[in-house]
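Summary of the model geometry
Read off the chains here:
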Amino acid sequence: MVGEEDGMKNKVTIGVCVMEKKAFSGPMLQILERLEAFGEFEIVHFGDKVILEEPIQSWPICQCLIAFHSSGYPLERAEAYAALRKPFLVNELGQQRLLHDRRKVYERLEFYGIPVPRYALVNRESPNEELDYFIEEEDFVEVHGNRFWKPFVEKPIDGDDHSIMIYYPSSAGGGMKELFRKIGNRSSEFRPDVRRVRREGSYIYEEFMPTGGTDVKVYTVGPEYAHAEARKSPVVDGVVMRNPDGKEVRYPVLLTPAEKQMAREVFSAFGQAVCGFDLLRCDGRSYVCDVNGWSFVKNSHKYYDDAACVLRKMFLDAKAPHLSSTLPPTLPWKVNEPVQQSEGLTRQGSGIIGTFGQSEELRCVIAITRHGDRTPKQKVKLKVTEEKLLNLMLKYNGGRPRAETKLKSAIQLQDLLDATRILVPRVRPGRESDSEAEDIEHAEKLRQVKAVLEEGGHFSGIYRKVQLKPLKWVKVQKANGEGEEERPTEALMVLKYGGVLTHAGRKQAEELGRYFRNNMYPGEGTGLLRLHSTYRHDLKIYSSDEGRVQMSAAAFAKGLLDLEGQLTPILVSLVSKDSSMLDGLDNASIEIKEAKARLNEIITSVSKSVHNNSSREKPWMVDGAGLPPNASEVLPKLVKLTKKVTEQVRLLAIDEDEDLAESSSYDVILPYDQAKALGKTHIDVDRIAAGLPCGEGFLLMFARWRKLERDLYNERKERFDITQIPDVYDSCKYDLLHNAHLNLDGLDELFKVAQLLADGVIPNEYGINAKQKLKIGSKIARRLLGKILIDLRNTREEAISVAELKSNQDNNIAVPAAKEETDYHSKAYGKIDGTRRASFTSDMSMDQDEDDDKEPKYRLDPKYANVKTPERHVRTRLYFTSESHIHSLMNVLRYCNLDESLQEEPSLVCDNALDRLYRTKELDYMSYIVFRLFENTEVALEDPKRFRIEMTFSRGADLSPLESNDSEAASLHQEHTLPIMGPERLQDVGSYLTLEMMEKMIRPFAMPAEDFPPPSIPQGFSGYFSKSAAVLERLVNLWPFHKHSSNSNGSSPRKSRGENHKNQAEETSYT
């Protein structure tokens, strides 16, 4: 008995002075039980009654104190007790007050040199107080001259207020997402109609950091221990991922050396040994955005073991230094960790072109995809001389009389609408007057401009843009009488609108993403989501700057990653914009013009040469392949049917036109909201029931058809414009799918005639024969081809590094110096990670050196992760673009062997696929080309057959429901959505295309890696997307040898991160 009492006296007393809800939580009990198991500590729980009611003098006396604030906790009483008894404090008490004020948290972090997002403070003494240093515009806020472009984050200064807002730019659809403490399965809500910031309190405004949809939570125990976990970010769709037990799914990840130093600094800054903080990983850098105070990891027995051991050492060093803090050989507790079910991956290759053994693993998926179903693209051109419009041009071009102006923002378009409303005649000219034809047409076009600008109720730059180009000038006296100046007297107004992703396009993209998730990753199934969550799936999504392409990419990502909610937050979080790679035809404009001229000759000629040549062995090799032999005879029929449809739409538009003419110019009933249509997932049943067209009003529908009718055939000159054939076909297809309820007589027949001609015209616009197709294709897709080769090369180099290191680990031999070849490739592909992409987070890049390592080695922590195959890694690169780039890329793939340097080689595409492509003609909405790279782990590293390429393509939307009348077609027709056709082979079954051969065939047409320009500094926000954070798992770091091998330039592995900073930058590659 006496011995037991002496044992108790010798124990170190640990007081747990926290609210009972926290003291008896699962993680706290797990750690306290482990501390007790050492036999060196006595745990004393104070309890709520003691903490809240009893005087501090009567509180239990302890040598070490665990005390931290939570709801209802009397921090000042705990401070008084600590001053009285002077126990060792795990977490300092006074410093905990800082954590309740975000301003003080950020000040403290900055004082200690810990990186935080760029931010500014808005302090209000009273709600809704107007501040002269705070400015809010449509797409930015400005605080003391510091501008934050949307998307930006708005945080209350109160650290206990978790209502955090993210505001999105109008070019991405606008709206706001509110983040909050988890409620059930939700952690955020998107509010599309909220565009103005809050004014009832004081807030921090900070730059939005694109993190690739993943957040990192870091948990420290003292200055030398930090555990990190990745989770799905609430900014993506707000749905909390939970396991079968209802716990949030998180995966442990390794911290970089710089991040570990940040954890030490957070401990020093706040004096909190046990605490948690939030880490944002963005563009190769890490930032602390919140410090939470006392926090424990949930459901990790390994963490509980570590935390107990670290705390034990802290307590003994502080109060019993005479006792050894060395850990016993065997920990005194026995805890059997529950084993999670692993993914059960197979090692099987693709089943599309043959299976190549269990030793083959998928390493990379690259997909180039066309956008989904859209409304027809429209353009209105008119010359304007009205003073109001000319003044508007000068207002927005800086008063330069010869400079053109682009109007895209809501304020600019509202100014134009106000001017147009005043200028549009209340009564249609020509009905009651003898106005000239040109005046009538001018008034009609102004009316069309007004109707387009009024469409939808609010503006979004993605859907409508106006150019004003000065054409004529005069000299006038300056206002001050000192000399002369130029004034424009006439300008060309060009309004572009339409081309909006429809509900059908969104559905197509989402379903294709779901198909990829379930079919493009052999042996994975839903395991793709697990790969992605555990940093073993390196995903990046790129888009051109067209709105329909961006939204298609976001919808695809939603299906691929099984996300929920609206597209705007997904778009901003996961999609990067690269217009230089995925936009434009400028590089091949001369060749395309030549091809169209030759195409016009062939079509309008009565010659039967195309028909006569079609019997050749390879019909795709002749000039004008695919054109109908009687094209010139079909053209008049196309014109006649177009007139017939246009007249019907004119009659339908008369009533709507009369109503608008008689109503007040400022009291228009807005018929359709295009901007909100991006969030639609279903057909607009109400408009269909009312007999109205989908996607536009009758006035604009008539304007669309009337323009086609006028442009297709010039009656005065008796000349056909064959470049209008694709547009007629486009309009037919749209109305047949979305406006069938209008019952336009002759539309079916017009569709068949237009399709017959378009199937020949569209492919030939990208080259009249195979060699010209190759030339045009290589010019348009040159940068994209270069990027694809970089993707494949990076994947191969990474896989080889992992294989070599794993082999060395298995053989227990020292790691050799990096190969010269690897070093060469690292440098050849270095310094090109960034591209000339305009950025949502525009100013962030200004503070970064171009030499920064943009490819951090983020990876899964295999010690803590319950994952069977931590070395499994897949790289996915998704490129979303328009029809021109799909045709161009395909033309290079199938005709690359026609180049003089490659004429001894067979085509990358087999004859069977060449024939199918010839008969395919159209690469419709959501058509795609996929490259998959497989590694055969049983083949020697130096063997070219180690890496195999598989190429497939899909024709995209299946038009058969529009061409048939069966019940299935009727059902699909009713949904207004065409299904996407599955992938087809571009290679013979069983064929083996090595990566080496692929590179040889493509390299002559691809932009060399060294020609990729360095990242430019964005000039303010221009409405597009910055590069998503590099969610990259560099597997070479899973082994202890990585610190030696990563220094390919021979630098010492003991050098600090700062010393090796420049060397690491040289190894950066475009990813």
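Here's what I pulled together on the structure shown here. (Residues numbered from 1 in each chain as written. Predicted model: local features only at pLDDT ≥ 70, side-chain atom pairs only at ≥ 80, totals over all residues. Heavy atoms only, no water.)

Looking at the sheet that holds strand 6 (residues 134-136)
Defined as follows: Here, any two strands with at least 2 DSSP bridges between them count as paired. Working definition: helices are DSSP H or I runs of at least four residues, strands are E runs of at least two. Numbering for both runs from the N terminus. Lines fitted to C-alpha atoms define the axes, with helix axes restricted to the stretch in contact, and inter-axis angles between N-to-C directions lie between 0 and 180 degrees.
Spatially, 3 strands are ordered 6-7-8 in an open sheet, and the strand pairing comes out antiparallel. In the strand order of this sheet, the two ends are held by strand 6 and strand 8 (146-149), each with one partner. When strand polarity is set aside, the average angle formed by the axes of neighbouring strands in this sheet is 15 degrees. Relative to strand 7 (residues 140-143), strand 6 runs antiparallel, the two being bridged by 3 bridges. Counted as the bridge partner of F134 is V143 from strand 7.

Details of the pattern of salt bridges
Threshold: For this analysis, a salt bridge means a side-chain nitrogen from Lys or Arg found within 4 Å of a carboxyl oxygen belonging to Asp or Glu. Accessibility here uses a 1.4 Å probe with only protein chains present; expressed as a share of the type maximum, an area under 20% marks a residue as buried, one over 50% as exposed, and anything in between as partly exposed.
Within the structure shown, the criterion is met by 62 salt bridges. Among the ionic pairs, E79 bridges to R97, the shortest N-O distance being 2.4 Å. Of this pair, E79 sits in helix 5 (residues 75-85) while R97 sits in the loop between strand 4 (88-89) and helix 6 (102-111), and the two are 18 residues apart along the sequence. Exposure remark for R97: the relative accessible area of 39% places this residue in the partly exposed category. The salt bridge involving E444 is made with R447; its shortest N-O contact spans 3.6 Å. In this pair, E444 and R447 are both assigned in helix 11 (residues 437-454), 3 residues apart and thus about one turn of the helix distant. The residues E444 and R447 share a single accessibility class, namely buried. One continuous salt-bridge network, built from bridges that share partners, spans E361, R363, E935 and R946.

Examining the nonpolar core
One recurring pattern in soluble globular proteins: nonpolar side chains tend to sit buried together. Under the convention used in this document: Residue types Ala, Val, Leu, Ile, Met, Phe, Trp, Tyr and Cys, when buried and joined through side-chain atoms within 4.5 Å, form a set referred to as a nonpolar core.
Within the largest apolar cluster, 52 residues are counted, with the highest numbers of intra-cluster contacts made by I368, L908, F931, I949, M951 and I1002. At 7 residues, the largest contribution of residues to this core is made by helix 26 (residues 782-811). One finds A595, I725, L744 and F751 within the second-largest nonpolar core, a separate group that totals 48 residues.

Looking at the pairing of strand 10 (residues 164-167)
Burial along strand 10 is two-sided: the face carrying I164 and I166 and the face carrying M165 and Y167 are both buried. Here strand 9 (residues 152-156) pairs with strand 10 via 3 bridges, running antiparallel. Following the sheet pairing, F152 is matched in strand 10 by Y167.

Brief notes about the packing of aromatic side chains
In plain terms, the rule: Two aromatic rings from Phe, Tyr or Trp, using only the six-membered ring of Trp, form a pair when their centres are within 6.5 Å; if the ring planes differ by under 30 degrees the pair is stacked, by over 60 it is edge-to-face, and anything between is tilted. Geometrically, a lysine NZ or arginine CZ counts as sitting over a ring once it is within 6 Å of the ring centre and also within 35 degrees of the ring normal.
With the rule as written, the count across this model stands at 23 aromatic pairs. By the ring-pair criterion, three or more aromatic residues cluster together here, those being F68, Y225, W294, F296, Y303 and Y304. When the ring centre of F148 is taken as origin, the NZ or CZ atom of R118, which lies over that ring, is 4.2 Å away.

Treat this as a map of the structure, not an account of what it does.
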